Each structure stands twice: as C-alpha cells, then as structure tokens.
Amino acid sequence: MSLINILSPHVADLIAAGEVVERPASVVKELAENAIDAGAKNITIEISGGGMKLIRVSDDGCGMSPEDAGIAFLRHATSKLRDERGLEAIATLGFRGEALAAISSVSRIELRTRTADAAEGTRVALSAGDIEEMGPVGCPVGTTMEVRDLFYNTPARLKFMKSDRAETSACINAALRCALGHPEVSLRMIRDGEEEFFTPGDGRSESAVYSLLGRDAAKNFLSVSGSDEGVSVDGFVSAPHACRGNRAMQFFFINGRPFRSLTIQAALEQAFKNNMLVGRFPACVLYITLGFGKVDVNVHPTKSEVKFSEEKKVFDCVYYAVLSTLDAANEVKTAEISLSPSTKKVIAPKADFYKKMSAEEFRASQKASVSAPGRSAPPQQTKLNMGDVTKALFGEKKESPLPPRVEAPKITLRSPAPEYKPSPIVPRPEIPVIRETPAPAKAEEKPIIPDYRLIGEVLNTYIIVETEGSLLLIDKHAAHERIIFDRLKRDGAAMSQSLLIPVTWRPDPESLELVENNSALLEKAGFEIEPYGAREVIIRAVPSDTDGSEIAMLEDIISAISSGKAENPMEKIYHTIACKAAIKAGWKTDRRELEVLVEKVLSGEVRYCPHGRPVSVALTRAELDKFFKRIV
C-alpha cells in the first residue's frame, strides 16, 4: 500500500493560503497591489471588524473581461507573466497568480468588474474557492473585490488572529505602505465607516508623506537624492534631533515595492552614526530605483524580501546619499544683522568719522596736533549716546511731574505698659497613672559606610573617591538610575506631573495600538494619555523628574513593551523612566548629590544599573603602582 498521497486541489489551495494569506492585512496588500498593477489612479479600501468581516477594494483600473474573470481565481493564473524569461526582470508588484486563489479558498468573495469597451460588467461570487454565481451586472469601469468572513472554513487559523484593533492596525499599515510606494495613485482608507487617510495622488512623494505620516513627521524630514552606477535613491530621512525610539517609521521601497532589507537598514544607520543619540533610530521614506534585472523579488511568498545582484553598490548609494544630506544640514549659515533706518541715522556720524581716515592717519594727526602749537585741534569724535538712540527709536520721553512732598506725621510715644506679673500657680494633686513599660525599640541596622574622601568628578560623568587602599570611579548616571529604579519598584507606581502645555503625538498604527492596549500600565507609570482624533493622542501628564522628552520617552517605552512579552512589562517601563529621570553624563552636579551617590555605592546598596552594567570600578594601590612601574 502506497504511503504517499496526492493532495486534492482544495487542500493544496489551503496550504498555499497559509503561506500567502497570514492575516487580513495580507489580503489588503495583495488586492491593493493588483489594483495598482491594473493601472488604477484611484483606489478605495474599506475594512470592517478588523478585516475579518469585510475587506472591499475598489479601483478604476482596466478591469477584466468575462473570460478573464472566470479563470482569475485559479492557481497560477496571471496576466503579468508569460514564460520563465519574465522571472528575470519582474516589473509588476504581483506575478505568481497565487493571491486570488489563496484568498478565495478561505473566504467568501464577490467580484464586480468591467472593461472600458464593455457595455456591462461581470459579477462572480465564490465560496471556499468554488464559483457559485456568475453573470452580467451593471458597474463602473474597474474592479471591486469584496472579501467576507475570512478564515470561516479554517477554525484553527481563527485561533491565531489577534483582536479587531490589532488586525485593523495591521491593515492600515499595509495600505499605508502601498500608498507611500505609489504617490501617483490616490488611495483612500476607510475603517468601520470612518476615513483613516487619503492621499492626493499628485505624484509628489512629499504630498504622500505629509498626508500619511502627519505634519510633525514631515516638518522634521530632510530631502535625500543621489545616484551612482545605475542605482538612484530619493526620499526623506529624519533630522538627527527627530530620531525615534524604534524602527517603525522606516519605509524602504525598491521600484515602488515595499520591502525589508538588513543591508539598506545598516546603510541608513551607518550614515547616521555619530549624528544621533545611542538607542535612537532614524525615520525614513527611501525610494530605490534600479534595473528590474538587478533585483530578485521571487524570494519570499509575501514578496517582502529581495536580493540584489550588486548589493555593495546599493549599500554605497544609500549610505553616501544620506550622509551628504546630513552634512548639508549640519552647515551653519551666519545670519546678517540689519539695522532699521532710524538706528542708522543715529550711528551714522560715528561710522562716517571712522570711514574718513585709517587708524594710522588718526594717530599721526594726534601727534601733529600735540607737537605743533597753535594748530587747530583734531576733529572730535562723535560720542554715541544711548539716550539719542532711544529718542530715535521710540521718540522723546516726557517726564511726568513729581507729586508734592508730604511730610510724615510726628509719632508720639505713649507711656510704657505696666509690668506683667503672672498669678501664682496653685499645685494640683497628682493623679496616679498606670503606664505600661514599652518594649525597647529595635534599632534599625544602618549600612556600614567605610571612610572615604570625595575628590570630585571628572568629565562631569565619573565620581572620584579615595577609600582605604584604593581609588574608586563611579558612573553617576548609572548609580542614580539604579536608585530611581529601585524606588519605583518599591513604591509600585510613579508620581505624575501635569504638563503646562499638553503635547500631541501621532504614532504609527502599531504604536497607537500598544498605547491603547497598555493604558493601565502607562497610567501606573505616571502618564495621562487621552485619544485625540482618529490617529493622535494627547499627553497631559508624565512621570515626575523626567527630562521633558515626552514623545521620545513614550516611544522607548512602547518599543520596550513590544520587544519582549515574557518579561514583566512594568519593569521595562521603570527602566525607561529611571533612565530619563537620572542625572545625565555631562551635567554639573552638586557636591551633596555626589556624596549621596557615593554613600549608596559604598554601602553596597547600589552595585549595578538596571541594565546590568557595573556602576563603579576600583583601582587598588597595587594596581596603581604597577601602572607607574613602582612594582613589577
């Protein structure tokens, strides 16, 4: 009996669907890319219930004939690839012909399409990959695809779906990447009946960036442009001061296709090296253009990864394009100071006097006037009086007359008050009181602090302490960070301080979802955050004693929460708050504050920072003698 079975076409489609259709966002991406390949100029994407209930994608592209509509849902049916030679230079976003077959096998689909030369359109209804209805229908030119009840026939897959909010955020992010990659297409995203974003489709990348990423992100972007040996790079990178706490705002496109690449990511961050703070990441929207034959997109089922035939050229082009942009932004231009006409009128005599003769001529005229009696005195310098300048600028000031002088009334001292004599105190009879003898209080054990001498600090970063037989160097930031972290863990919550002016923040969809899902944790950490519109939040309060970088701190916290779910998320939040609230390296610190840090370290209470780094290094007398060759 044979052990090898040939799977049915339906089971094969379900296996393919597991590779291509991971979640509703995958459907949004595939249908939007099909619409772009069809030449659409206007695309509308609607989702409901996180995309699980409904995904509708409408476009004004070329449409399909009745014959094409009938076979479009078969596996490997595509109009974008003819033979194997087409794989050598793929110019379209889709090419395998697997997307529609995979989507239809795990959902219910209704297709309405019409070409420009047809009098009527075609309607096709499918369920689990089988055509149930097909016939003519009235519809506009283009294609409308409705996907309902996704994964209704695969209950195992439904268990792995996240909440509606999470799936909605993923769908919005997928649509956003399609819109950023093709500024020439106007894309409208509608979520549960409300418009999420809209792009004008004017072909300008700056318009797409502004409408999709927001005004705050767009105003901090720097324009990038460069080309070398058949590779060109255009787009935008964030200014060094506007770098973020994660890589969520890094968008890379190759010939209009969104993709992930560690090579391009490394080129971007290498160009920013020494221009941004440690632990920060640049935001970017970079469009890379090169020959279709020099990049292979047939690497991953979702087409999100690519391979370059000349990876070093692409790396260099991105690196030097970004680096030249940063160098140009760092050039400081000296501003010219302009004077008003009234000010020029006042200082003109003095300026004209110095223009008449040089310094040598002036000194020679002074000597001649002293040595030759009877000669006329040299011309007097025009003295610049600030009163004249004030008159010229603001007019002559009128002095108000002083009020008449009023003599103070004479004060007559009264006779001294009689001396106070207290009345005699009559002793009261003592009442016996029975008191229980309290138990002797247990003395708290204070930590033993050895004798030390605080010498000072060096580089405004390290504290120098002399103890018996050794020299101690203490990292003041790491020590203070540990003290704050231990206090936050002990108290169980952080104190909050209200902002005088609330700050608005427009995070990416994934970060917004994390903020909403972890609102209780953020409130416990001292934040007060409220929704502000569809895609923004407003920050009204932050943890006390932090350095004021509210958005950067929130980005770091969200990044820490999303990076590891097994660990305690509250500890990650306390790590970030303690780092922001601690004394910074480079700050001048009061001597008393240094003494407190030294005592905490010498008592053994503080040994490591929350990240595990040591807070102090000791050099013994013997080690110092070896450094100076006193002993061998």
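One can find the structure itself at the top, above this paragraph.
Keep in mind that this is a model prediction, so the values were computed, not measured. Sequence positions are assigned chain by chain, starting from 1 and proceeding in written order. Predicted model: local features are reported for residues with pLDDT of at least 70 only, side-chain atom pairs are reported and counted for 80 or more only, and whole-chain, interface and lining totals are derived from all residues. The basis for every side-chain value is the complete set of heavy atoms in the structure, and neither hydrogens nor water enter the calculation.

**What about the environment of E530?**
Here's step 1: Tracing the backbone shows E530 in strand β20 (residues 528-531).
Here's step 2: For E530, a relative accessible area of 31% translates into the label partly exposed.
Here's step 3: Spatially, the C-alpha atoms of E530 and S519 are 9.2 Å apart, while their sequence positions differ by 11 residues.
Here's step 4: With near-sequence residues (within four places) excluded, E530 lies in contact with V537, I538 and R540. Only DSSP runs of H or I covering at least 4 residues are called helices, and only runs of E covering at least 2 are called strands; the numbering of each starts at the N terminus. Working definition: with a 1.4 Å probe on protein chains only, accessible area under 20% of the residue-type maximum means buried, over 50% means exposed, and in between means partly exposed. Here a residue-residue contact requires only that any non-hydrogen atoms of the pair lie within 4.5 Å.

**Looking at helix α19 (residues 591-602)**
Here's step 1: Given the number of residues in a helix, its expected span is that number minus one, multiplied by 1.5 Å. Taking 1.5 Å as the rise per residue, α19 with 12 residues should run 16 Å; its terminal C-alpha atoms sit 16 Å apart, in good agreement.
Here's step 2: Within α19 the residues assigned to the buried category are L594, L597, V598, V601 and L602. Each buried residue of α19 sits inside an arc of 130 degrees when the element is viewed along its axis, so together they form one side.
Here's step 3: The inward-facing, buried residues of α19 abut β16 (452-458), β17 (462-467), β18 (470-475), α14 (476-491) and β22 (616-620).
Here's step 4: Here α19 starts with a cap whose side-chain oxygen sits 2.9 Å from the backbone nitrogen of R592, and that cap is D590.
Here's step 5: G604 lies just past α19 and shows a positive phi near 85 degrees. What the arc describes is the spread of directions from the helix axis to the C-beta atoms. Polar contact criterion, stated in full: a pair of N or O atoms within 3.5 Å, where within protein one must be able to donate a hydrogen and the other to accept it, and residues adjacent in sequence count only if both atoms are side-chain atoms.

**Focus on the packing of helix α6 (residues 164-181) against helix α15 (residues 509-517)**
Here's step 1: Here the axes come from fitting lines to C-alpha atoms, over the contacting stretch only for helices, and the angles between their N-to-C directions go from 0 to 180 degrees. Close contact between α6 and α15 brings their axes to 8 Å; oriented N to C, the two are set at 165 degrees. As the angle between them shows, α6 and α15 are arranged roughly antiparallel. As for the relative orientation of α6 and α15, their crossing is right-handed in sense. Taken together, the residues of α15 that come into contact with α6 (itself represented by R165, A166, S169, I172 and N173) are P509, E510, E513, E516 and N517.
Here's step 2: Classifying every residue of the contact of α6 with α15 by side-chain character gives 3 nonpolar, 3 polar and 4 charged. Orientation categories follow fixed angle ranges, with anything under 35 degrees roughly parallel, anything over 145 roughly antiparallel, 65 to 115 roughly perpendicular, and all other angles oblique. It is the rotation of the near helix from the far one that decides the hand of a crossing: anticlockwise by less than a right angle makes it left-handed, clockwise makes it right-handed. In this classification, the charged set is Asp, Glu, Lys and Arg, the nonpolar set is Ala, Val, Leu, Ile, Met, Phe, Trp, Tyr, Cys and Pro, and all remaining amino acids, among them Gly, are polar.

**Description of the environment of I551**
Here's step 1: Here I551 is to be found in helix α17 (residues 550-563).
Here's step 2: Each C-alpha atom, one on I551 and one on V503, is 8.3 Å from the other, the two residues being 48 residues apart in sequence.
Here's step 3: Once residues lying within four places of it in the same chain are set aside, the contact partners of I551 are V503, T504, W505 and I539.

**Some thoughts on the packing of aromatic side chains**
Here's step 1: Only the six-membered ring of Trp is used, alongside the rings of Phe and Tyr, when aromatic pairs are assigned; centres must lie within 6.5 Å, and planes under 30 degrees apart are stacked while those over 60 apart are edge-to-face, with the rest tilted. The full count for this structure, using the stated rule, is 6 aromatic pairs.
Here's step 2: Centroid distance F221 to F236: 6.2 Å. Interplanar angle 35 degrees. Geometry classified as tilted. Here the residue F221 occupies a position in strand β9 (residues 221-228), and F236 occupies one in strand β10 (residues 231-238), the gap between them amounting to 15 residues. F236 shares its class with F221; the two are buried.
Here's step 3: The rings of F252, F259 and F308 are connected pair by pair, giving a single aromatic cluster.
Here's step 4: Charge over a ring is defined by NZ of Lys or CZ of Arg lying within 6 Å of the ring centre and within 35 degrees of the ring normal. Here R108 stacks its cationic end above the ring of Y152, 3.9 Å away from the centre of that ring.

**Considerations on the sheet that holds β22**
Here's step 1: With antiparallel pairing, 4 strands are arranged side by side in an open sheet as β16-β17-β18-β22. Edge strands, defined here as strands with exactly one partner in the open sheet, are β16 and β22. Put simply, the sheet's adjacent strands are angled 20 degrees from each other on average, direction ignored.
Here's step 2: The sheet contact formed by β18 and β22 spans 5 bridges and is antiparallel. The partner of I474 across the bridge, within β22, is S616.
Here's step 3: Together, β16, β17 and β18 form the strand contacts of α14, whose direction differs from that of β18 by roughly 65 degrees. Whether two strands pair depends on DSSP finding at least two bridges between them.

**Let's talk about the pattern of salt bridges**
Here's step 1: The salt bridge definition used is simple: a Lys or Arg side-chain nitrogen within 4 Å of an Asp or Glu carboxyl oxygen. Within this structure, the stated rule accounts for 31 salt bridges.
Here's step 2: Salt-bridge contacts for D149 lead to R108; the nearest nitrogen and oxygen are separated by 2.9 Å. Linking D149 in the loop between β6 (142-148) and α5 (155-158) with R108 in strand β3 (residues 108-114), this pair joins segments that are 41 residues apart in sequence.
Here's step 3: With relative accessibility at 36%, the residue R108 sits in the partly exposed group.
Here's step 4: With a closest N to O distance of 3.1 Å, R540 and E530 form a salt bridge. Of this pair, R540 sits in strand β21 (residues 537-543) while E530 sits in strand β20; the two residues are 10 residues apart in sequence, bridging distant segments of the chain.
Here's step 5: Take R540: its relative accessible area is 31%, and that puts it in the partly exposed class.
Here's step 6: Among the charged side chains, a network of salt bridges with common partners joins E46, R56, E146 and R148.

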